[in-house]
Amino acid sequence: MMNRLKALMCGAVLACAGAAGGAGSASAQELTMAVWGGGGANTWREAFIKQFNPGNGSTIKMVEVPNPAGALRSPAAAGQYNLALVTYFEAIALSNAGLIESFDDKQLPGIADVDPKFLTKDKAGRHVGLPAYFTYYGIAYNTDLAKAQDFASWQGLADPKWKGKLSLTRPVYLAPYDAVIMAKAMGGSEKDIDPGFKLLEKIVPNVLATYTSLAHMNTLLTRGEVAAVPFYASRVWSLRRQGASNVGIVIPKEGALMLPYVVVIPKGAKNQDKALVWMNYIAGAEPQLRAALLDGWLPMNSKVKLPEDLQKTLGQPYEQIVKSLYSPDWRIVVEHNEARVDRAEKLMSGVKQ
């Protein structure tokens, strides 16, 4: 199975490498896009940039930053970046703050193949970004230390047997991600967040340390320094592709959190017409399929058909994964985020980093 999958991945990469007119060619205009650093940036280059040939003299450069949404809050953002990749809830927050552009259906025709319930719109009904792909937030675990059935429920993380063997993320993500999905698991919701924090209160005594970066968590998990952590499915997929055979991920019976990623344009950025050409390109089925093959990014384009081998590696069919995911009202999450981050900081104050 893995050999067939590797062949599919290699085919996608070779096809990219053979394309002409990519980002390496001379151009009259280079568009810069802020993304998180590491393997994700490489996937953007391989899956999207190498075959991008718009015929308008523009090329795309990935600029790796610690937090793209944070970068867009700088007064100089419009002069530094033409686009940025942000999370769904960050896109809403940036839009509310008037820091990103909005567009209509005619400007983003590629968005027609995205399920309407996943579109990112402002109060006027205009698109504030392009949902490019999604991953999900489940429970990652070290297979040498734990079994999938240990985390059949989110409540499994509260079992005292995991004392000193778990990790959690920083409060800035714990509040909008962990608290929300755990609230859902305990009968609450993004509106009724208390059940989520009550479960977190039971989990915190089991936490060895918070992780400060994805690379940090990769190390903790693969080396067996922690047994489990709420984590991103795409990162587990990437670790397995890189040869880490001792990691897995579980979607608990209560579901996992769906995490869409959105490409946005800073307010007042230059060359927005060329940036829109790029956005409509990445909305397409072919580049999104390449991204799925390379890094397990699940496509937003409803016309993408994932190969059977990839779906087996993901653990279950694409349609079944989607049915298992919880997609909250992110506007509610954004509305209450500041207070909830403060609450998460107090909860995690005694946990070392």
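For the structure given in this document, a descriptive report is provided here. (Residues numbered from 1 in each chain as written. Predicted model: local features only at pLDDT ≥ 70, side-chain atom pairs only at ≥ 80, totals over all residues. Heavy atoms only, no water.)

This model, assessed by the stated rule, comprises eight salt bridges. Residues Glu 64 and Arg 45 are paired through a salt bridge, measuring 2.9 Å at the closest nitrogen-oxygen approach. Linking Glu 64 in strand E2 (residues 58–65) with Arg 45 in helix H2 (residues 39–49), this pair joins segments that are 19 residues apart in sequence. Residue classification places Arg 45 among the partly exposed positions, given a relative accessible area of 28%. (Salt bridge = Lys/Arg side-chain N within 4 Å of Asp/Glu carboxyl O. Helix = DSSP H or I, 4+ residues; strand = E, 2+ residues; numbered from the N terminus. Buried < 20%, exposed > 50% of the residue type's maximum accessible area, 1.4 Å probe, protein only.)

Another point: the nonpolar core. Counting residues in each nonpolar core, the largest one holds 126 residues, and the members touching the most others are Trp 44 and Trp 278. With ten residues, the single largest contributor to this core is helix H6 (residues 171–185). Not counting chain neighbours up to four residues away, the residues in contact with Trp 44 comprise Met 33, Val 35, Ile 49, Met 62, Leu 85, Ala 132, Tyr 133, Val 263, Trp 278, Ile 282 and Trp 297. (Core = buried A, V, L, I, M, F, W, Y, C linked by side-chain atoms within 4.5 Å. Contact = heavy atoms within 4.5 Å.)

Counting buried residues along strand E7 (residues 228–232), five of its five residues qualify, which places the element largely inside the surrounding structure. By the alternation rule, side chains of E7 split into Ala 228, Pro 230 and Tyr 232 and Val 229 and Phe 231, which are all buried. Pairing analysis gives five bridges linking strand E4 (residues 130–142) to E7, with the strands arranged antiparallel. Following the sheet pairing, Tyr 137 is matched in E7 by Tyr 232. (Pairing = 2+ DSSP bridges.)

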